[in-house]
Amino acid sequence: MKHKYTNDLINETSPYLLQHAHNPVNWNPWSSKTLAKAKKENKLILISVGYAACHWCHVMEHESFEDSLVAQVMNKNFINIKVDREERPDVDQVYMSAVQLMTGSGGWPLNVIALPDGRPVWGGTYFKKEQWMDALEQISKLYVETPDKLYEYADKLEQGIKALDVVTLNTDEPVFEKSYIDEALTNWSKHFDNNEGGMNRAPKFMMPNNYHFLLRYAYQTNDKKLQDYVNLTLTKIAYGGVYDQIGGGFSRYAVDTKWHVPHFEKMLYDNGQLVSLYADAYLITKNKLYKDIVTETLAYIKRDMTTENGAFYSSLDADSNTPEGKLEEGAFYVWKKAELQTLLKDDFELFSDYYNVNNYGFWEHDNYVLIRKDDDASIIKKHNLSIETLNKKKAEWKNTLFKARNKKAKPRLDDKTLTSWNALMLKGYADAYRVFGNEDYLASAEKNANFIINNMLREDGGLNHTYKDGKSTINGYLEDYSATIDAFLALYENTLNETWLNVARDLANYTFDHFFDEKSKMFYFTSNQDESLVSRSIEYRDNVIPASNSIMAKNLFKLSHYFDNEHFSKTAMSMLNNVKPEMMEYPSGYSNWFDLMLNYAQPYYEVAIVGADAKQKITELNKTYLPNKLIAASSSENNMPLLENRFNPGNTFIYVCVNKACKLPVTEVKDAIKFIKE
């Protein structure tokens, strides 16, 4: 196919950048060469940030960036840079902070105008064509007539951006107590939606880390009310349209309060974390719904998101083509009533009651997003069915609709591989294996871990961030290290293969060399080997993905136990202490830090298992939900601090220790669990 326009993005590997390679806008990738060009020509820089699965990014591309008149204005007055936020989260962070300071909110697409030196002076998110043209004309005029004003504003904004992520070392004595967490929870619970689950607002994000922490806290403190709220939330999400009822897997968020209509893109990071969450929730409740969610989501990941070499793709787009060839959000996932009647025939009535093909499940334009309202027991009673019959029908419905859906145009796939997101999915597989014992899950986890070791780990001990078409590129960010260490620790606990534990420690040492800030005892998001941006940020507030610093602090806490390493131990404690003053005010933005605080506020157990049957004992131990423990084990003599001099050829002993004080060794798992639960 011959294209009328081609720009410099044609040489990139990012699917998002390639989507813009034939815009009439003279797009450039973010690079030192492009930035030098802006300085040399003394031109303003226009930075537009998005990602492949982003619906409004596509809308703005279609309305503005594909328009030759808009392109004319952009090409004449600006050096235009397109950024894939998933490839360059560091660039995204700096300019997102700027837009949040300027406008009070942020999102994608993110559009910013910066001075030739890269410092931002104006920005926002989605703009209609007329607004966009208008803004570009005005700023170009300002730059020609009164550039001093822009430089003055840039100075102020730069200070603001730098102040956003400043963490000062907290020199107060670290005190981490349950009463502090209780008080924070009282604040937090005022925002709970006790009818539909989640927070009391729309849109609703799943925020897996919030519920992972709340699940653990409710269980450890035996808080029945909180347990009910978490289970209500997990059930409502599983019943909702945010969960793909036909093909498995989760969309990013719901636009309404009942988890019904999703923003249809499916991101790897949500699915990895939600698998971990539902697996743990199953371990506590034995709720079949939770097991089904894990099974179906991992089937989706294997089918649609996994490469032959065991790596995972990044996302599936929200938009796909309708039969008429029109690009529409959710077109692949929604159903029309007539279509369902034709496909399901006599079963349509029962199906429409189960999945609410009625006012409750109606979305727009005769389209329905499948959503459940009633549990299986209610449906069985109402329709006088047996559970076997209902299960058989459900499987048939899903199969029929899945086949029909697959004849439609599929959403676009972002087929790049990101180290951090792969690690989150790898952890999901490891957690699912721990809970369900499915060997295929472990095989997928190990295959992915080997992919990371063989393709993303460099000779110098550092990680790269992204992989595509056989090439691994972009120096890794703190998120890549923290998520990979976390996943490798989970893999070690499930396999006893010390390679994963040792690589985790080596990666932690690497982050101290290249990311650590001696002054604040926190880690920068970017390595000291990266070219500097307007600001070198410290990411510490938890979001849909926990902050790279909170994951890192938890990693160091665990590694300090495994290797008896005081430096790791003190750093983890300082990091938590630094963040503590902010945690009370907005608890949902610090849930992973609260999870770490629980390790200090209540007993945390080291479970050391040594002997020929170590693996078998771990499998048995993992049948009980024990979030406040780590496992160290070996089936032979081992000199790891927790295992040294504990091997007995005649028996497999389990040692349960707290703060280096151990109970007498036992041989039965049930006795070890008693020590932890007493």
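If you're wondering where the values come from, they're calculated on a predicted model, not measured in any experiment.

Conventions adopted
Numbers given for residues are sequential positions, taken from 1 along each chain in its written order. Under the rules for a predicted model, residues below a pLDDT of 70 receive no local features and side-chain atom pairs below 80 are neither given nor counted, while totals for whole chains, interfaces and linings still include all residues. Only heavy atoms go into the side-chain values, all of them from the structure, while hydrogens and water stay out. The numbering of helices and of strands both runs from the N terminus, where a helix is a DSSP run of H or I of at least 4 residues and a strand a run of E of at least 2. Every radius of gyration here is taken over C-alpha atoms, with the globule rule written as 2.2 Å times N^0.38, N being the number of residues. In what follows, residue pairs with any heavy atoms lying within 4.5 Å of each other are defined as contacts. The Shrake-Rupley method, run with a 1.4 Å probe, gives the accessible areas here. Residue values count only the displayed protein chains as cover. Positive charges come from Lys and Arg, negative ones from Asp and Glu, while His and the chain ends are left out of the count. Where a charge sits is defined by one atom per residue type, namely NZ (Lys), CZ (Arg), CG (Asp) or CD (Glu). DSSP-based pairing: two strands are paired if at least 2 bridges between them are found. For helices, the fitted line uses only the C-alpha atoms of the stretch in contact; every axis is such a line through C-alpha atoms, and the angle between N-to-C directions lies from 0 to 180 degrees. The criterion for a disulfide is a pair of cysteine sulfur atoms lying within 2.5 Å. Note on exposure labels: buried denotes an accessible area under 20% of the residue type's maximum, exposed denotes more than 50%, and partly exposed covers the range between, all computed with a 1.4 Å probe on protein chains only. Basic side-chain nitrogens of Lys or Arg form a salt bridge, by our definition, when they fall within 4 Å of a carboxyl oxygen of Asp or Glu. Here, nonpolar core refers to any group of buried Ala, Val, Leu, Ile, Met, Phe, Trp, Tyr and Cys residues whose side-chain atoms link them within 4.5 Å. The scheme is simple: roughly parallel for angles under 35 degrees, roughly antiparallel for over 145, roughly perpendicular for 65 to 115, oblique for anything else. A crossing counts as left-handed when the near helix is turned anticlockwise from the far one by less than a right angle, and as right-handed when that turn is clockwise. Charged means Asp, Glu, Lys or Arg here, nonpolar means Ala, Val, Leu, Ile, Met, Phe, Trp, Tyr, Cys or Pro, and polar covers whatever is left, Gly included. For Phe, Tyr and Trp, where Trp contributes only its six-membered ring, two rings pair if their centres lie within 6.5 Å, and the inter-plane angle classes them as stacked under 30 degrees, edge-to-face over 60, or tilted in between. Our definition puts a charge over a ring when NZ of Lys or CZ of Arg is within 6 Å of the ring centre and also within 35 degrees of the ring normal. Residue count minus one, scaled by 1.5 Å, sets the expected span of a helix. Looking down the strands as they point away from the viewer, one classifies a crossover as right-handed if the path from the first strand across the helix to the second runs clockwise. What qualifies as a polar contact is a pair of N or O atoms within 3.5 Å, subject to a donor-acceptor requirement within protein and to the restriction that residues adjacent in sequence count only when both atoms come from side chains.

S.K.: Sorry if this is basic, but what is going on with the overall build of the protein chain here?
M.R.: Looking only at helices and strands, one finds 25 helices and 24 strands in the protein chain. For 678 residues, the compact-globule estimate of 2.2 N^0.38 gives 26 Å, and the C-alpha radius of gyration of the protein chain, at 26 Å, lies within 12% of that figure. Along the first, second and third principal axes, the C-alpha atoms of the protein chain reach 80 × 70 × 50 Å. Summarising the internal contacts of the protein chain: among those between residues at least 6 apart in sequence, 68% fall at separations of at least 24. Working note: accessible area of the protein chain is about 28,200 Å², and carbon and sulfur atoms make up 49% of it. Distance between charge centres in the protein chain, computed from 78 positive and 92 negative side chains, equals 3 Å.

S.K.: Could you clarify how one ought to interpret the sheet that holds strand 4 (residues 110–114) in this entry?
M.R.: Read from one edge to the other, the open sheet built from five strands follows the order 1-3-2-4-5, with strand pairing classed as mixed. What marks the edges here is a single partner per strand, and that holds for strand 1 (27–29) and strand 5 (120–124). When the angles between neighbouring strand axes are averaged without regard to direction, this sheet yields 30 degrees. For strand 4 and strand 5, the ladder comprises four bridges, and the chain directions are antiparallel. If you follow Val-112 over to strand 5, its bridge partner there is Gly-123. Together, strand 2 (44–50), strand 3 (78–84), strand 4 and strand 5 form the strand contacts of helix 6 (residues 129–145), whose direction differs from that of strand 2 by roughly 150 degrees.

S.K.: Please clarify how the state of the cysteines should be interpreted in this entry.
M.R.: Simply put, disulfide is the name for a covalent bond between the sulfur atoms of two cysteines. Under the counting rule described, the total for this entry stands at two disulfides. One disulfide in the model links Cys-54 with Cys-57; its S-S distance is 2.2 Å. Across the disulfide from Cys-54 to Cys-57, rotation about the S-S bond amounts to roughly 85 degrees, and the bridge is consequently right-handed. Across the pair, Cys-57 and Cys-54 agree in class, each one buried. Ordering the disulfide-forming cysteines of the protein chain by sequence position, one finds them joined as 1-2, 3-4.

S.K.: Explain the side chain of Lys-266 to me, please; I cannot follow it from the model alone.
M.R.: Tracing the sequence through the fold places Lys-266 in strand 9 (residues 266–267). Judged by relative accessible area, Lys-266 falls into the buried class, the value being 2%. Excluding residues within four positions of it along the chain, Lys-266 makes contact with Asp-244, Gly-248, Gly-249, Phe-250, Ser-251, Tyr-300, Ser-314, Ser-315, Leu-316 and Tyr-333.

S.K.: Hey, could you run me through the pattern of salt bridges in this one?
M.R.: Opposite charge on two side chains makes pairing possible when the charged atoms of those side chains draw close. With the rule as written, the count across this model stands at 42 salt bridges. Residues Lys-204 and Asp-193 are paired through a salt bridge, measuring 2.8 Å at the closest nitrogen-oxygen approach. Pair noted here: Lys-204 is in strand 6 (residues 204–205) and Asp-193 is in the loop between helix 8 (178–189) and strand 6, with a separation of eleven residues, a long-range link. The same class applies to Lys-204 and to Asp-193, which are both buried. What emerges from the salt-bridge pattern is a single network uniting Asp-117, Arg-119, Asp-155, Glu-158 and Lys-162.

S.K.: Mind showing me how you'd approach the nonpolar core here?
M.R.: The nonpolar side chains of a soluble globular protein tend to be buried, and buried together. Residues Leu-214, Tyr-278, Tyr-562 and Trp-593 are the most contacted members of the largest nonpolar core, which totals 164 residues. Setting aside chain neighbours within four positions, we find Trp-593 in contact with Met-522, Tyr-540, Asp-542, Asn-549, Ser-550, Ala-553, Met-575, Leu-576, Val-579 and Met-583. Among the nonpolar cores identified, the runner-up in size contains 20 residues, and Tyr-95, Ala-114, Ile-161 and Val-534 belong to it.

S.K.: How should the pairing of strand 17 (residues 464–468) be read in this particular structure?
M.R.: Looking along a regular strand, one sees side chains alternate from face to face of the sheet. Most of strand 17 is tucked away: five of the five residues are buried. Where strand 16 (residues 417–418) meets strand 17, two bridges bridge the pair, whose relative direction is antiparallel. If you follow Leu-418 over to strand 17, its bridge partner there is Thr-466. Bridge count between strand 17 and strand 18 (residues 471–475): four bridges; the pairing is antiparallel. In the sheet register, Lys-468 faces strand 18, and the bridge partner there is Lys-471.

S.K.: Is there a simple way to explain the packing of helix 19 (residues 478–495) against helix 21 (residues 548–563) in this structure?
M.R.: Axis angle and axis distance: for two packed helices, these are the angle between their axes and the distance between the axes, and together they describe the pair. Two elements in contact, helix 19 and helix 21, have axes separated by 9 Å at closest approach and are oriented at 40 degrees. With respect to helix 21, the element helix 19 is oriented oblique. Seen from above, helix 19 lies across helix 21 with left-handed handedness. For the pair helix 19 and helix 21, contact is made by Leu-478, Glu-479, Ser-482, Ala-483, Ile-485, Asp-486, Leu-489, Tyr-492 and Glu-493 and by Ser-548, Asn-549, Ile-551, Met-552, Asn-555, Lys-558, Leu-559 and Tyr-562, respectively. Classifying every residue of the contact of helix 19 with helix 21 by side-chain character gives nine nonpolar, four polar and four charged.

S.K.: Explain the environment of Ala-218 here, please?
M.R.: With respect to the secondary-structure elements, Ala-218 resides in helix 9 (residues 208–220). Overall, the relative accessible area of 0% leaves Ala-218 in the buried class. Residues Ala-218 and Ile-453, 235 residues apart in the sequence, show an inter-C-alpha distance of 37 Å. The contacts of Ala-218, once residues within four sequence positions are left out, are Asp-223, Leu-226 and Gln-227.

S.K.: Even after reading the chapter, I still don't get the packing of aromatic side chains, so can you show me in this structure?
M.R.: Given two aromatic rings, their pairing is described by the distance between the two centres and the angle made by the two planes. Going through the model one piece at a time under the given rule, you end up with 46 aromatic pairs. Three or more aromatic residues link up through ring pairs in this structure, and these residues are Tyr-180, Trp-188, Phe-192, Tyr-211, Phe-213, Tyr-217, Tyr-229 and Phe-594. The ring of Tyr-51 has Arg-85 sitting right over it, with the charged end atom 5.8 Å from the ring centre. Stacked on the ring of Tyr-282, the Lys or Arg Lys-286 has its end atom at 5.8 Å from the ring centre.

S.K.: So what exactly am I meant to see when it comes to helix 21 here?
M.R.: Residue pairs three or four apart in sequence face the same way in an α-helix, which turns once every 3.6 residues. The end-to-end C-alpha distance of helix 21, which contains 16 residues, comes to 22 Å, matching closely the 22 Å that a straight helix rising 1.5 Å per residue would cover. Within helix 21, 15 of the 16 residues are buried, which leaves it mostly tucked inside the rest of the structure.

S.K.: Looking at this structure, I do not really get the pairing of strand 22 (residues 629–634). What am I missing?
M.R.: Among the six residues that make up strand 22, six are buried, leaving the element largely enclosed by the rest of the structure. With burial as the criterion, each face of strand 22 is covered, one bearing Lys-629, Ile-631 and Ala-633 and the other bearing Leu-630, Ala-632 and Ser-634. In the sheet, strand 21 (residues 605–610) pairs with strand 22 via six bridges, with the strands oriented parallel. Bridge pairing links Glu-606 to Leu-630 in strand 22. In the classification by handedness, the crossover that spans strand 21, the intervening helix 24 (residues 614–621) and the parallel strand 22 is right-handed.

S.K.: Quick question: what am I supposed to make of the sheet that holds strand 23 (residues 653–658) here?
M.R.: Backbone-to-backbone hydrogen bonds join strands into a sheet, with any given pair of strands oriented parallel or antiparallel. Spatially, four strands are ordered 22-21-23-24 in an open sheet, and the strand pairing comes out mixed. Of all strands in the sheet, those bounded by a partner on one side alone are strand 22 and strand 24 (661–662).

S.K.: Looking at this structure, I do not really get the side chain of Lys-617. What am I missing?
M.R.: Counting through the fold element by element, Lys-617 comes out in helix 24. Within the buried core, Lys-617 has no salt-bridge partner, and the shortest N-O distance to an opposite charge, that of Glu-668, equals 5.1 Å. Separated by 2.9 Å, the side chain of Lys-617 and the backbone oxygen of Thr-667 make a polar contact. Sequence-distant contacts of Lys-617, defined by excluding residues within four places in its chain, comprise Ile-609, Thr-652, Ile-654, Thr-667 and Val-669.

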